[in-house]
Amino acid sequence: MLRAHVNFQGMKRSVAFEKGDDALKLRYFIMVAFADVGLDKLPPANVELLKYDEGVRDYVPLPLDTILEENVQVKVELKDYKVKCTVLYLYDMFCINLPCFPLLSFLGLKVVM
């Protein structure tokens, strides 16, 4: 069993995967691991994986067909994903429309679509 050390918007988690799994499968495991903040609610195509590259000392895109043979350090970035939604403020019951994404629930806001 191998591990991906994942950073998503400042939150860090360790995600297990099997040697020989591809990055597509790892993306699924990561989305499940961050389900409590709504990552599993986004279309998978909008969730991009970046792998830390020691050579350039920075994160580079991780192609989904990459076969993983060792532990990896991964950063998750969201591609542009915006929907129209209504945010209901519970204190004054005032509704407004604004561009947002499903992770608003992470901020403690109730999202009604």
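In this text the structure is predicted, and so the values were computed from the model without any measurement.

(A) Focus on the pattern of salt bridges. All chains considered together, the criterion is met by four salt bridges. Close ionic contact of Asp36 with Arg13 constitutes a salt bridge, the shortest N to O distance being 2.8 Å. Of the two residues, Asp36 sits in the loop between helix 1 (23–33) and strand 3 (47–53) while Arg13 sits in strand 2 (residues 11–17), which places them 23 residues apart along the sequence. For Arg13, a relative accessible area of 24% puts it in the partly exposed group. Here Asp21 makes a salt bridge to Lys25, at a shortest N to O gap of 3.8 Å. Residue classification places Asp21 among the buried positions, given a relative accessible area of 11%.

(B) Representation of the nonpolar core. Core analysis: the largest hydrophobic core is formed by 22 residues, its most contacted members being Val6, Leu26, Ile30, Phe34, Leu39, Val74 and Val76. Only strand 1 (2–8), strand 2, helix 1, strand 3 and strand 5 (72–78) provide two or more residues apiece to this core. In contact with Ile30, not counting residues within four places along its chain, are Val6, Val15, Leu39, Leu49, Val74 and Val76.

(C) Structural view of the packing of aromatic side chains. This model, assessed by the stated rule, comprises three aromatic pairs. Note on Tyr52 and Tyr59: the rings are 5.3 Å apart at their centroids and 70° apart in plane angle, and the pair reads as edge-to-face. For Tyr52, a relative accessible area of 24% puts it in the partly exposed group. Tyr59 sits in the partly exposed class, given a relative accessible area of 24%.

(D) A look at the side chain of Asp21. Along the polypeptide, Asp21 turns up in the loop between strand 2 and helix 1. A polar contact of 3.0 Å, which involves the side chain of Asp21, links it to the backbone nitrogen of Glu18. Residue contacts for Asp21: discarding those within four places in its chain leaves Phe29, Thr66, Ile67 and Leu68.

(E) Broad picture of helix 1. Here helix 1 has its buried residues at Ala23, Leu26, Arg27, Ile30 and Met31. Burial along helix 1 is one-sided: seen end-on, the buried residues are contained in an arc of 140°. Turning to helix 1, the residues buried within the fold contact strand 1, strand 2, strand 3 and strand 5.

Cut-offs applied
Residues numbered from 1 in each chain as written. Predicted model: local features only at pLDDT ≥ 70, side-chain atom pairs only at ≥ 80, totals over all residues. Heavy atoms only, no water. Salt bridge = Lys/Arg side-chain N within 4 Å of Asp/Glu carboxyl O. Helix = DSSP H or I, 4+ residues; strand = E, 2+ residues; numbered from the N terminus. Buried < 20%, exposed > 50% of the residue type's maximum accessible area, 1.4 Å probe, protein only. Core = buried A, V, L, I, M, F, W, Y, C linked by side-chain atoms within 4.5 Å. Contact = heavy atoms within 4.5 Å. Phe/Tyr/Trp six-rings, centres within 6.5 Å; stacked < 30°, edge-to-face > 60°. Polar contact = N/O pair within 3.5 Å; in protein donor to acceptor, adjacent residues only side chain to side chain. Arc of directions from axis to C-beta.

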